[in-house]
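# Residue-level structure breakdown
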Amino acid sequence: MGTIDNLPPLREVIRTHDLQARKSMGQNFLLDLNLTAKIARQAGDLTGCDVLEIGPGPGGLTRGLLSEGARHVLSIEKDVRCLPALAEIAAAYPGQLTVLEGDALDIDPLAHLRPPIRVAANLPYNVGTELLVRWLTPQDWPPFWLSLTLMFQREVAERIVAQPGSKTYGRLAILAQWRADARIVLQLPPEAFTPPPKVSSSVVHLQALPEPRFEADAAVLSRVVAAAFNQRRKMLRAALKGLAPDIEDRLIAAGLKPTDRAEQIPLEGFCALARSMAQT
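Residues numbered from 1 in each chain as written. Predicted model: local features only at pLDDT ≥ 70, side-chain atom pairs only at ≥ 80, totals over all residues. Heavy atoms only, no water.

### Comments concerning unusual backbone geometry
Definition in use: A helix here means a DSSP run of H or I that spans at least four residues, while a strand means a run of E at least two residues long, and both kinds are numbered starting from the N terminus.
The omega torsion across W141 and P142 is 5°, close enough to zero to call that bond cis. Positionally, P142 belongs in the loop between α5 (128–136) and β6 (147–153). The residue after T194, namely P195, is reached through a cis peptide bond having omega -10°. Along the chain, P195 turns up in the loop between β8 (193–194) and β9 (201–208).

### Some details on the environment of L240
Basically, it comes down to this: Only protein chains enter the calculation, and the probe is 1.4 Å; a residue is then buried if its accessible area is under 20% of its type maximum, exposed if over 50%, and partly exposed in between. We call two residues in contact when some of their heavy atoms are within 4.5 Å.
Position of L240 relative to the elements: it lies in the loop between α9 (236–239) and α10 (247–253). Under the relative-accessibility criterion, L240 is labelled buried at 0%. Between the alpha carbons of L240 and A262 there is a distance of 10.0 Å; along the sequence they are 22 residues apart. The contact partners of L240, leaving out residues within four places of it in the chain, are V224, A227, A228, I247, L251 and L273.

### Topic: the pairing of strand β4 (residues 97–101)
For the record, the criterion: What makes two strands pair is DSSP finding at least two bridges between them. With its strands directed away from the observer, a crossover is right-handed exactly when the path from the first strand over the helix to the second travels clockwise.
When strand β3 (residues 72–77) meets β4, the two strands line up parallel, connected through 5 bridges. Bridge pairing in β4 places L74 opposite T98. Crossover handedness for the path β3 to helix α4 (residues 83–92) to β4: right-handed.

### Observations regarding the environment of L188
Here L188 lies in strand β7 (residues 180–188). Placed 28 residues apart in sequence, L188 and A216 show a C-alpha to C-alpha distance of 35 Å. Not counting chain neighbours up to four residues away, the residues in contact with L188 comprise L30, L35, I39, M151, R154, F193, S200, S201 and V203.

### Notes on the pattern of salt bridges
Definition in use: Each reported salt bridge corresponds to a side-chain nitrogen of Lys or Arg within 4 Å of a carboxyl oxygen of Asp or Glu.
For the coordinates displayed, the defined rule picks out 9 salt bridges. The closest approach of N and O atoms between D103 and K78, which form a salt bridge, is 3.6 Å. In this pair, D103 sits in the loop between β4 and β5 (117–122) while K78 sits in the loop between β3 and α4, placing the two residues 25 residues apart along the sequence. Of the residues examined, K78 reaches a relative accessible area of 51% and is grouped as exposed. The partner of R213 in a salt bridge is D181, with the nearest N and O atoms 2.3 Å apart. In this pair, R213 sits in the loop between β9 and α8 (218–230) while D181 sits in strand β7, placing the two residues 32 residues apart along the sequence. Relative accessible area serves as the criterion here: at 38%, R213 is assigned to the partly exposed category.

### Examining the packing of aromatic side chains
Quick reminder of the rule: Ring geometry is summarised as follows: Phe, Tyr and Trp rings, the Trp one being its six-membered ring, pair when their centres sit within 6.5 Å, and such pairs are stacked at plane angles under 30 degrees, edge-to-face over 60 and tilted between the two.
Going through the model one piece at a time under the given rule, you end up with 3 aromatic pairs. Aromatic side chains W141 and W145 sit 5.6 Å apart centroid to centroid with 85° between the ring planes, which places their arrangement in the edge-to-face category. Summarising the burial analysis for this pair, W141 and W145 share the class buried. Look at F229 and F270: their rings are 5.6 Å apart centre to centre, the planes differ by 35°, and that puts the pair in the tilted class. One end of the pair, F229, is in helix α8; the other, F270, is in helix α11 (residues 267–278), and 41 residues separate them in sequence. Pair check on accessibility: F229 and F270 agree, each one buried. In this structure an aromatic cluster arises from ring pairing among Y169, F229 and F270.

### Comments concerning the environment of D108
The following threshold applies: Whenever two N or O atoms come within 3.5 Å, that pair is a polar contact, provided that in protein one can donate a hydrogen and the other can accept it, and provided that, for residues adjacent in sequence, both atoms are side-chain atoms.
Assignment of secondary structure puts D108 in the loop between β4 and β5. When the C-alpha positions of D108 and L46 are compared, they lie 21 Å apart, and in sequence the two are 62 residues distant. In terms of polar contacts, D108 uses its side chain to reach the backbone amide nitrogen of L110, at 3.1 Å.

### Quick word on helix α1 (residues 10–17)
Applied cut-off: Picture the helix axis, draw a direction to every C-beta atom, and the arc is the one those directions span.
Residues of α1 that are buried include every one of L10, V13 and I14, and no others. Mapping the buried residues of α1 onto a view down its axis gives an arc of 100°, with all of them on the same face. In α1, the exposed residues that point more than 90 degrees away from the buried face are R11, R15 and T16. Where α1 is buried, its residues meet β1 (29–30), α2 (33–42), α3 (60–67) and α4.

Put into structure tokens, the structure is as follows:
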């Protein structure tokens, strides 16, 4: 559908530029422009905001973000085949779209963005989780972004919003909910994509909090939760024994039972343990 702007429909763009999605790059393209505009609206009021987009592909979400009023969009694309299609969008929105060729894991986007900044992306599946953790764990807070509106496999999205005691509760839930309000805002079936993936997808919106919910050092908390959930069936004292020789004492000092398992521990408990671990 090409109803949100005067550019060609995405299927025509893909045919013109021979843009078949590549599994090796984690690509699944959204071709319904009304749907990409709907996703863009989940990011909030884009007026007066710069938007960082990762993996725009043929530019469906890019066009949605621009049509919804983004001041400026910075799109980082690794696939050089997509650059001519993105250049056509840039020409249609003069001065509002910058495209950088390269790997989002290696590029610092801040030189090209002005606050306030939102992040919105149909993330390539093979880098999505790593980028999310990076955005959630800078040493200083608040971060450069106001919000993250990101598409993931549904399983990953459910891990981000999971609560203690559930099978999906783990590292992502703790890191996301420590510093942000996280919620699933859209569900997308496989047939919404070309080619259809084997799993359903979800859009998660994370709104940055002014301050973390509980005091903790980001690096220490990340290390603690990674170790705790690496062997989630073990008791905490066994799962965390490699972090400190007196781990049982530190668990008790944090108000936790050494015999508890990681999935039983709420966010506040992990932050207390991180504070205990940071003490020499």
